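Here is how the chains run, residue by residue.
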Amino acid sequence: MDDIKYYTQEGLDALKQELVQLESVERPRISQAIAEARDKGDLSENAEYDAAKEAQGLLELKIANLRNLIAKARIIDETKIDVSKVLIYSIVTVKNVKTNAQMTYTIVPESESDLKAGKISVSSPLAKALIGNTKGDIVTMQAPAGAMDFEILDVSR
């Protein structure tokens with residue numbers, strides 16, 4: 001079942017909160033907009049009504065997709081993550097071999113990535129280069145500007 005996505009409890013809670021927001025705030029707002037547009041008369045030439053119905057359809061699709069995602073979501077127990085090598089949810093400190101710049105990233109699913117918070121997607125070029133390697137390894141990341149080498153200084157959870 002390749003539709004299963006893995007999340008931290010925090011990531012799954014954020015999805016559930018978004019679903020609550022869509023169902024309890026956005027859905028009633030759009031229903032109200034449809035009712036107001038319907039009250040304006042002839043629906044065949046009512047652009048407001050058409051726009052509100054289209055927004056409703058998109059919202060319902062988003063709600064259905066989010067429900068499906070939550071139903072198939074699995075929680076990763078961060079206390080059981082192997083820290084001997086880089087895996088998803090590992091916190092990795094790396095050093096750019098050329099510039100000696102050090103950076104620390106947490107490798108997360110695409111849905112939880114946030115570069116400003118130091119969370120990089122498991123499908124990013126750097127994460128792909130790091131996955132499976134251990135502290136002390138030097139890995140090469142293929143970037144648009146060419147290959148870049150990074151030394152893994154630390155792996156934790």
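Residues numbered from 1 in each chain as written. Predicted model: local features only at pLDDT ≥ 70, side-chain atom pairs only at ≥ 80, totals over all residues. Heavy atoms only, no water.

A.B. asks: Where do I start with helix H2 (residues 47–72) in this structure?
C.D. replies: Residues that lie three or four places apart on an α-helix share one face, since the helix turns once every 3.6 residues. Taking 1.5 Å of rise per residue, 26 residues should cover 38 Å, and H2 covers 38 Å from first to last C-alpha, within 8% of that figure. Here the buried face of H2 lies against strand S1 (5–7), helix H1 (9–38) and strand S2 (73–75). (Helix = DSSP H or I, 4+ residues; strand = E, 2+ residues; numbered from the N terminus. Expected span 1.5 Å × (residues − 1). Contact = heavy atoms within 4.5 Å.)

A.B. asks: Hey, could you run me through the nonpolar core in this one?
C.D. replies: Across soluble globular proteins, nonpolar side chains show a tendency to be buried alongside one another. Tyr7, Leu12, Leu15, Leu66 and Ile70 are the most contacted members of the largest nonpolar core, which totals 18 residues. Mapped onto this core, the elements with two or more residues apiece are H1 and H2. Sorting elements by how many residues they give to this core places H1 first, with seven residues. Setting aside its immediate chain neighbours within four residues, Leu12 contacts Tyr7, Ile70, Ala73 and Ile75. Val94, Tyr105, Ile120 and Ala129 belong to the second largest nonpolar core, which has 15 residues in total. (Core = buried A, V, L, I, M, F, W, Y, C linked by side-chain atoms within 4.5 Å. Buried < 20%, exposed > 50% of the residue type's maximum accessible area, 1.4 Å probe, protein only.)

A.B. asks: Where do I start with the sheet that holds strand S3 (residues 91–96) in this structure?
C.D. replies: The pairing of strands in a sheet happens through backbone hydrogen bonds and is either parallel or antiparallel. Strand order in this open sheet of five strands is S5-S4-S3-S7-S6, and the pairing throughout is mixed. If you trace the sheet from one side to the other, it starts and ends with strand S5 (119–121) and strand S6 (138–143), each paired once. With strand direction ignored, the average angle separating the axes of adjacent strands in the sheet is 45 degrees. Where S6 meets strand S7 (residues 146–156), six bridges bridge the pair, whose relative direction is antiparallel. By the bridge assignment, Thr140 is partnered in S7 with Asp149. (Pairing = 2+ DSSP bridges. Axes fitted to C-alpha atoms, helices over the stretch in contact; angles between N-to-C directions.)

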